[in-house]
Amino acid sequence: MNISICGINCDECKFYKENNCESCRICAPKGQCVWGGRCELYDCATSKNLPHCGKCDDFPCQKLIDAHKNENPNGNGIEIENLRKLG
């Protein structure tokens, strides 16, 4: 699986497939976020030298939950489960 910093499975993402997205692991270090602007989650994880949000002591933080509310109104959806699996 190609899991983003915040838990999105890029291999299953419509945007990734249809728009030749390179995923945040490639784009964000160059300052290019496909969602527009800088990604707060990417910046937060990398500022703590973490490979992804799932490694954070505050996981799952409100910022992560809020980021995925559109996909998962309960804030505990597949992205957070993806990060738990990565451990």
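Before going into details, it helps to say that this report is about the structure given with it. All figures in this text were calculated on a predicted structure; none of them were measured in a lab. (Residues numbered from 1 in each chain as written. Predicted model: local features only at pLDDT ≥ 70, side-chain atom pairs only at ≥ 80, totals over all residues. Heavy atoms only, no water.)

Counting its secondary structure elements, the protein contains 5 helices and 0 strands. Reading the helices (α) and strands (β) of the protein from amino to carboxyl end gives α-α-α-α-α. Per-residue burial over the protein gives 37% buried out of 87 residues. Partitioning the intrachain contacts of the protein with sequence separation of at least 6 by distance along the chain shows that 39% fall at a separation of at least 24. (Helix = DSSP H or I, 4+ residues; strand = E, 2+ residues; numbered from the N terminus. Buried < 20%, exposed > 50% of the residue type's maximum accessible area, 1.4 Å probe, protein only. Contact = heavy atoms within 4.5 Å.)

A few words now on the environment of Cys6. Tracing the backbone shows Cys6 in the segment before α1 (14–18). Assessed through its relative accessible area of 11%, Cys6 is described here as buried. Sequence separation between Cys6 and Pro51 is 45 residues; the distance between their C-alpha atoms is 9.9 Å. Residues contacting Cys6, with those up to four places away along its chain left out, are Leu41, Cys53, Leu64, His68, Glu79 and Leu83.

Evaluation of the coordinates by the stated rule reveals 3 salt bridges. Across the salt bridge formed by Lys48 and Asp58, the nearest N and O atoms sit 4.0 Å from each other. Taken together, the residues span a long stretch of sequence, with Lys48 in the loop between α3 (40–47) and α4 (62–67) and Asp58 in the loop between α3 and α4 at a distance of 10 residues. (Salt bridge = Lys/Arg side-chain N within 4 Å of Asp/Glu carboxyl O.)

Ranked by size, the top nonpolar core spans 15 residues in total, and within it Ile5, Cys6, Leu41, Cys53, Leu64 and Leu83 carry the most contacts. Broken down by secondary-structure element, the contributors of at least two residues to this core are α3, α4 and α5 (78–86). Ranked by the residues each element gives to this core, the list is headed by α3, at 3 residues. Beyond its immediate chain neighbours, meaning those up to four positions away, Leu83 contacts Ile3, Ser4, Ile5, Cys6, Gly7, His52, Cys53, Gly54, Phe59 and Leu64. (Core = buried A, V, L, I, M, F, W, Y, C linked by side-chain atoms within 4.5 Å.)

With respect to the secondary-structure elements, Asn9 resides in the segment before α1. Along the primary structure Asn9 and Asn82 are separated by 73 residues, whereas in three dimensions their C-alpha atoms are 7.5 Å apart. Residue contacts for Asn9: discarding those within four places in its chain leaves Met1, Asn2, Ile3 and Asn82.

Those residues of α5 lying buried are Glu79, Ile80, Asn82 and Leu83. Seen end-on, α5 carries its buried residues on one side only, within an arc spanning 155°. In this structure, the buried side of α5 is in contact with α4. Two residues or fewer past α5, Gly87 is found with a positive phi of approximately 60°. (Arc of directions from axis to C-beta.)

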